[in-house]
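Descriptive analysis of the structure
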Amino acid sequence: MCIRDSVVGDDTPNLVVTLNQGDGSGGDGPYVETYEPWSATVDNAWETVDLAPFGVPANAVVEVAVINSNTGKERQGGVRAVGSTLERRFDLHEGEAGGVDAVTLHVQADASGRIQHYAEKKAEVSFVLLGYWTEASYVELFAPFSATAANSWISEGVADEGLGPNQIAEVVMQNINGGAERLAGVRATGSSINRRFDLHEAEGGGVDAVSLMVATDAASTIEAYAENTSDVVFYVVGFWSTPPGTWTELGGTSARSTPTAAWGVKNVASLGVPASSVTQFVITNDTIGAENTAGARSVGSSQDRFVDLQEAEAGGSDLVTMHAHVDTNTDVEWY
């Protein structure tokens, strides 16, 4: 689901995606919400970081927001598993109007609760642990592909990118155009959902990016949408080898956050979200010229679990994703 600060046109459909598992209470289930920021200690290097002090158990799959706060320059940031050789990082564009640019990635911790992170500049690229999954396994990848046709949903075989049949994959979509927004999306093969987003222009040499979950079919295909095949680039960044639950893909729905500048309870049943689920929220700032702080958390949580998204430009949106528990009453809190 998109949490938006303004009404958008029909050309920018939105989505709800859910992983049904646990009791939705935000307690000791397969997904645990957190909000734990940290920074690197060196520039331009992969560095091992211990997340056990944040409560991350052995072999958990962690959800991390990688953030660039530099207001005038792109910065590279990423996360990967300990021992990995993948250069699993993105050149995040500058953060503007007081906000930040961010992309969310999953990575599996090792038996000691450790992962690796990369920060081009330790004072400008930071990380936030948004949560972690137990009783699940995740295989990281870093494989780019491009759509073969513009302005239409096309079938894309992703076996060459390391995906097998009937897997839940994580895909990062990025707009590399420095002066124009671009629509991009991924969905299941045969879906009729307009599951795409208007990524705002890339600036300062960086890219604008957002991550989404998507399921492959029996032939290891998905569907992809790129407004421009040269400007929109997709990266398969991983898949669930042991999923944390049953995957449900929904879309074409959105809601505005109320109240503003405060956490409020929202019932999401009318948007197709089931009770006692973990939902991936796609949070967008559509305000041109101003940052907007937004986030999602379980009902009753005291964590300020939000990101200060930078201004939207060239008609697009600035976006970030995060999972949150929806309770037995189909309620969630958002900001």
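Residues numbered from 1 in each chain as written. Predicted model: local features only at pLDDT ≥ 70, side-chain atom pairs only at ≥ 80, totals over all residues. Heavy atoms only, no water.

1. Examining the environment of Glu203
Rules: For helices the rule is a DSSP run of H or I covering at least 4 residues; for strands it is a run of E covering at least 2, with both sets numbered from the N terminus onward. The contact rule is simple, with two residues in contact once any of their heavy atoms fall within 4.5 Å.
Within the secondary structure, Glu203 is located in the loop between β15 (196-199) and β16 (208-215). As for Glu203 and Ile176, which are separated by 27 residues in sequence, their C-alpha atoms are 8.4 Å apart. Other than its neighbours up to four places away in sequence, Glu203 contacts His93, Glu94, Glu96, Gly178 and Glu313.

2. Remarks on the sheet that holds strand β23 (residues 292-297)
Defined as follows: Between any two strands, pairing holds if DSSP finds at least two bridges. Here the axes come from fitting lines to C-alpha atoms, over the contacting stretch only for helices, and the angles between their N-to-C directions go from 0 to 180 degrees.
The four strands are arranged β21-β26-β23-β24 in an open sheet whose pairing can be described as antiparallel. Each of the sheet's edge strands pairs with one partner strand only, and the pair in question is β21 (264-267) and β24 (306-309). Each neighbouring strand pair of the sheet contributes to a mean axis angle of 30 degrees, computed without reference to strand direction. By the bridge criterion, four bridges tie β23 to β24 in an arrangement that is antiparallel.

3. Thoughts on the packing of aromatic side chains
Any pair of aromatic rings gets described here by the distance separating the centres and the angle formed by the planes. This is how the line gets drawn: Stacked, edge-to-face and tilted labels apply to pairs of Phe, Tyr and Trp rings (six-membered ring for Trp) whose centres lie within 6.5 Å, assigned for plane angles under 30 degrees, over 60, and everything in between, in that order. When a residue's accessible area, from a 1.4 Å probe over protein chains only, is under 20% of the maximum for its type it is buried; when over 50% it is exposed; and in between it is partly exposed. For a lysine, the NZ atom is tested; for an arginine, the CZ atom; a charge sits over a ring if that atom is within 6 Å of the ring centre and within 35 degrees of the ring normal.
A full pass over the atoms with the stated rule returns 14 aromatic pairs. Plain terms: the ring middles of Phe90 and Tyr235 are 5.4 Å apart, the flat faces sit at 85 degrees to each other, and that makes the pair edge-to-face. Taken together, the residues Phe90 in strand β7 (residues 89-92) and Tyr235 in strand β18 (residues 232-242) connect sequence positions 145 residues apart. Here the two residues Phe90 and Tyr235 agree in accessibility, since each one is buried. Ring centres 4.8 Å apart and planes at 40 degrees place the aromatic pair Phe306 and Tyr335 in the tilted group. Note that Phe306 is positioned in strand β24 and Tyr335 in the segment after β26 (331-334), a separation of 29 residues in sequence. The rings of Tyr31, Trp133, Tyr138 and Trp240 are connected pair by pair, giving a single aromatic cluster. One Lys or Arg, Arg196, reaches over the ring of Tyr225 and ends 4.8 Å from the middle of that ring.

4. Brief notes about the confidence of the model for the protein
What counts, and what does not: pLDDT is defined as a per-residue confidence score from the predictor, taking values between 0 and 100.
Across the protein, pLDDT averages 88, with 89% of residues at or above 70. For residues 21-28, every residue scores under 50 in pLDDT, and the model assigns this stretch 20 contacts once sequence neighbours within four places are set aside.

5. With respect to the pairing of strand β8 (residues 101-108)
The element β8 is largely enclosed, with a buried count of eight among its eight residues. The two faces of β8 match: Asp101, Val103, Leu105 and Val107 on one face and Ala102, Thr104, His106 and Gln108 on the other face are all buried. Relative to β8, strand β5 (residues 61-68) runs antiparallel, the two sharing eight bridges. Paired with Asn68 across the bridge in β8 is Asp101.

6. Notes on the sheet that holds strand β14 (residues 182-188)
Strand order in the open sheet formed by four strands is β12-β17-β14-β15, with antiparallel pairing between adjacent strands. With one partner strand each, in any of the chains shown, β12 (153-157) and β15 form the two edges of the open sheet. Pairwise comparison of adjacent strand axes, ignoring direction, gives a mean angle of 25 degrees for this sheet. In this sheet, strand β17 (residues 221-226) lies alongside β12 in antiparallel orientation, the contact comprising five bridges.

7. Thoughts on the nonpolar core
Note the cut-off: Grouping buried Ala, Val, Leu, Ile, Met, Phe, Trp, Tyr and Cys residues that are joined through side-chain atoms within 4.5 Å yields what is termed a nonpolar core.
Grouped together as the largest cluster of nonpolar side chains are 40 residues, with contacts concentrated most on Val62, Val64, Val66, Ile115 and Phe127. Take this core: its biggest share by element is five residues, from strand β10 (residues 125-133). The next biggest cluster of nonpolar side chains, apart from the first, holds 25 residues, and it includes Ile154, Ala169, Ala224 and Val236.

8. A word on unusual backbone geometry
A positive phi angle is found at Asn59, which is not glycine, with a value near 65 degrees. In this fold, Asn59 is placed in the loop between β4 (45-50) and β5. Despite not being glycine, Thr330 shows a phi value in the positive range, around 65 degrees. Of note, Thr330 is situated in the loop between β25 (318-326) and β26. By relative accessible area, Thr330 is classed as buried at 9%.

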